[in-house]
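Take a look at the letters that make up each chain.
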Amino acid sequence: MSGHSISEELFARASQALPGGVSSPVRAFRAVGGTPVFIDRAEGAHFTDVDGTDYLDFVMSWGPMILGHAHPRVLEAVYEAAAAGTSYGAPHRGELELAQRVAAQYPGAQRVRFTSSGTEATMSAIRLARGVTGRDRIVKFSGCYHGHGDCLLVAAGSGGATFGTPSSAGVPGAIAGLTTVLPLDDPERFLSFMESEGNQVAAVIVEPIPANNGLLLQRPEFLKALREATRRHGALLIFDEVISGFRVAPGGAAELFGIEPDLATFGKVIGGGFPVGAFAGPARYFDHLAPEGPVYQAGTLSGNPVAMAAGLATLDILEETSAHAQLEELGRHLEKGFDAMMAGKQYPVRLQRLGSLFWLSFSEGPVARCAEEIPDDIGAPYATFFHACLEAGVYLAPSAYEIGFLSTAHTVEDVDTALRVFERGCARTFAQEGIDAD
Ligand SMILES: *Cc1c(COP(=O)(O)O)cnc(C)c1O
């Protein structure tokens with residue numbers, strides 16, 4: 001958009017009040033350039049910015065809005081809950097009902113503790129695993145994101161080192177050193193690490209459907225290897241289902257793959273657009289958590305009644321409307337349409353998909369299953385493509401490494417609209433790169 005838009009004006013002012021003008025870094029558009037659009041209102045699969053431009057939204061708040069924005073039944077539940085008081089700091093029915101719903105849907109989730117974010121859920125699950133096992137070390141995989149807790153903002157150490165190094169300034173090396181970062185999709189490497197050091201490992205945490213660094217779909221054999229080896233060496237397996245939970249199936253990736261983790265973490269969908277996280281698992285582990293046991297964890301706004309009502313309404317509607325089947329069908333329509341559109345063209349771009357999660361990967365060659373396989377030159381073509389789509393009224397994630405989300409509010413027509421925009425976006429992107437359509 002040229003000229004002096006209201007978004008540009010607000011962003012200039014916001015940059016004097018909020019670091020980078022935003023409350024969370026990727027929103028600042030640094031990876032694609034340009035000025036972020038300021039949102040005025042959102043409904044269904046669309047939002048409108050402060051300049052009055054309408055966008056078909058494929059970010060959906062990064063996952064929570066699985067029913068679309070401002071779903072009338074979710075709003076009704078929110079209004080009703082808010083009218084009865086917005087926070088108690090004391091027990092209430094809503095948290096019981098949502099916990100029971102999680103327990104009914106997620107394998108092994110006998111106990112649920114609510115938090116206010118996914119970050120808190122993974123931090124707390126790791127503390128619980130450390131308390132249960134009496135061990136300090138943990139394992140994560142490169143390309144998986146688990147929020148911004150110290151022990152998870154860690155990159156692989158150099159060479160064959162098994163001790164991680166901080167991936168953010170401000171994370172102490174001593175804490176990062178307790179985390180080992182291994183590659184996804186490499187069961188041999190994992191198994192040999194566990195053979196030598198598994199008896200010191202409290203927990204192995206993984207996104208069973210890694211969706212924060214592209215969409216790195218794992219072979220079930222890899223996840224099975226994690227399950228078997230953690231059990232053999234007395235470490236807990238944590239599935240971080242903050243994105244996949246309640247989205248890919250009622251029982252998340254655990255249900256999809258038929259693999260039950262020891263602990264699972266949730267966020268995004270479970271809060272129906274409100275700040276909610278949760279971690280869950282068998283009673284025998286949660287007996288270690290305060291007030292039952294010595295592992296401390298708490299939260300002033302945890303189990304917030306308005307947020308619980310939004311989450312509960314969301315899970316109710318998902319269940320009643322066979323939403324997962326509907327989302328799979330819509331996702332398949334997108335995938336087939338994209339492949340048909342690309343047939344015969346030489347564009348180095350591919351659509352990866354699982355259910356309602358999709359990633360436009362600006363590279364050629366085999367499908368990436370680990371972070372190391374993603375070429376490091378995908379940013380430039382994606383930036384061109386992103387702005388072509390934005391100008392045409394299709395809002396995608398402002399980073400080549402972030403994925404897209406479908407909701408039940410997206411129609412087949414919306415997907416067809418997006419496909420036409422993608423086609424023109426690709427033509428512009430690759431004309432610029434000197435690649436012809438055929
Ligand atoms: C979003 C996300 C988190 C962090 O959740 P926040 O609510 O942003 O703190 C953790 N794990 C995964 C897999 C996520 O996608």
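Residues numbered from 1 in each chain as written. Predicted model: local features only at pLDDT ≥ 70, side-chain atom pairs only at ≥ 80, totals over all residues. Heavy atoms only, no water.

Caption draft 1: Region of the structure containing the overall build of the protein chain. Secondary structure assignment for the protein chain yields 13 helices and 16 strands. Scaling as 2.2 N^0.38, a compact globule of 438 residues should have a C-alpha radius of gyration of about 22 Å, and the protein chain matches this with 22 Å. Each principal axis of the C-alpha atoms in the protein chain carries an extent, and together these give about 60 × 55 × 45 Å. Buried residues in the protein chain amount to 55% of all 438 residues. Split by element, the accessible area of the protein chain, about 18500 Å² in all, is 51% carbon and sulfur. Looking at charge distribution, the protein chain has the averaged site of its 32 positive side-chain charges lying 5 Å from that of its 51 negative ones. (Helix = DSSP H or I, 4+ residues; strand = E, 2+ residues; numbered from the N terminus. Rg over C-alpha atoms; globule rule 2.2 N^0.38 Å. Buried < 20%, exposed > 50% of the residue type's maximum accessible area, 1.4 Å probe, protein only. Areas by Shrake-Rupley, 256 points an atom, 1.4 Å probe, with all protein chains shown as cover. Lys, Arg positive; Asp, Glu negative; His and termini not counted. Charge placed at Lys NZ, Arg CZ, Asp CG, Glu CD.)

Caption draft 2: Highlighting the site of the ligand. Every residue close to the ligand is listed here: Ser117, Gly118, Thr119, Tyr145, His146, Gly147, Glu207, Asn212, Asp240, Val242, Ile243 and Lys268. Asn212 is positioned with one of its side-chain polar atoms (N or O) 2.9 Å from an oxygen atom of the ligand. For the ligand, a nitrogen atom lies 2.7 Å from a polar atom in the side chain of Asp240. Taking 380 Å² as the accessible area of the ligand by itself, protein coverage stands at 84%. (Near = heavy atom within 4 Å. Polar contact = N/O pair within 3.5 Å; in protein donor to acceptor, adjacent residues only side chain to side chain.)

Caption draft 3: Quick look at the pattern of salt bridges. As enumerated under the stated definition, the model contains 12 salt bridges in all. Between Arg101 and Asp316 there is a salt bridge; the shortest N-O distance is 2.7 Å. Of this pair, Arg101 sits in helix H3 (residues 93-105) while Asp316 is found in helix H10 (residues 305-320), placing the two residues 215 residues apart along the sequence. Here Arg232 ties to Glu195 by a salt bridge, and the two come within 3.8 Å at their closest N and O atoms. With Arg232 in helix H7 (residues 220-233) and Glu195 in helix H6 (residues 187-197), this pair connects stretches of sequence that are 37 residues apart. With relative accessibility at 52%, the residue Arg232 sits in the exposed group. By relative accessible area, which is 52% here, Glu195 ends up exposed. One salt-bridge network, in which partners are shared between bridges, spans Glu328, Arg332, Glu335 and Arg353. (Salt bridge = Lys/Arg side-chain N within 4 Å of Asp/Glu carboxyl O.)

Caption draft 4: Fine view of the side chain of Gln105. In this structure, Gln105 sits in helix H3. Residue class for Gln105 comes out buried when judged on its relative accessible area of 16%. Contacts of Gln105, omitting those with residues within four sequence positions, involve Phe246, Pro250, Gly251, Glu255 and Glu319. (Contact = heavy atoms within 4.5 Å.)

Caption draft 5: Main features of the packing of H3 against H10. Running from N to C, H3 and H10 point in directions that differ by 35°, and their axes come no closer than 9 Å. Considering the relative orientation of H3 and H10, their crossing is left-handed. In this structure, H3 uses Gly94, Glu95, Glu97, Leu98, Arg101 and Gln105 to contact H10, whose residues at the interface are Met308, Gly311, Leu312, Leu315, Asp316 and Glu319. A per-class count over the contact of H3 with H10 returns four nonpolar, three polar and five charged. (Axes fitted to C-alpha atoms, helices over the stretch in contact; angles between N-to-C directions. Left-handed = near helix turned anticlockwise from the far one by under 90°. Nonpolar A, V, L, I, M, F, W, Y, C, P; charged D, E, K, R; others polar.)

Caption draft 6: A look at the packing of aromatic side chains. Applying the stated rule across the entire model yields 18 aromatic pairs. Ring geometry for Phe141 against Phe222: centres 5.5 Å apart, planes inclined by 80°, an arrangement best described as edge-to-face. One end of the pair, Phe141, is in strand E5 (residues 137-141); the other, Phe222, is in helix H7, with 81 residues separating them in the sequence. Phe222 matches Phe141 in its accessibility class, with the two residues each being buried. Between Tyr382 and Phe385, the ring centres sit 6.3 Å apart and the planes meet at 45°, which makes this aromatic pair tilted. Taken together, the residues Tyr382 and Phe385, both in helix H12 (residues 379-391) and three residues apart, mark about one turn of the helix. Each member of the pair Tyr382 and Phe385 is classed as buried. A network of ring pairs unites the aromatic residues Phe29, Tyr347, Phe362, Tyr382, Phe385, Phe386, Phe422 and Phe430 as a single cluster. A cation sits over an aromatic face here: Arg284 above Tyr285, 4.6 Å from the ring centre. (Phe/Tyr/Trp six-rings, centres within 6.5 Å; stacked < 30°, edge-to-face > 60°. Lys NZ or Arg CZ within 6 Å of the ring centre and 35° of its normal.)

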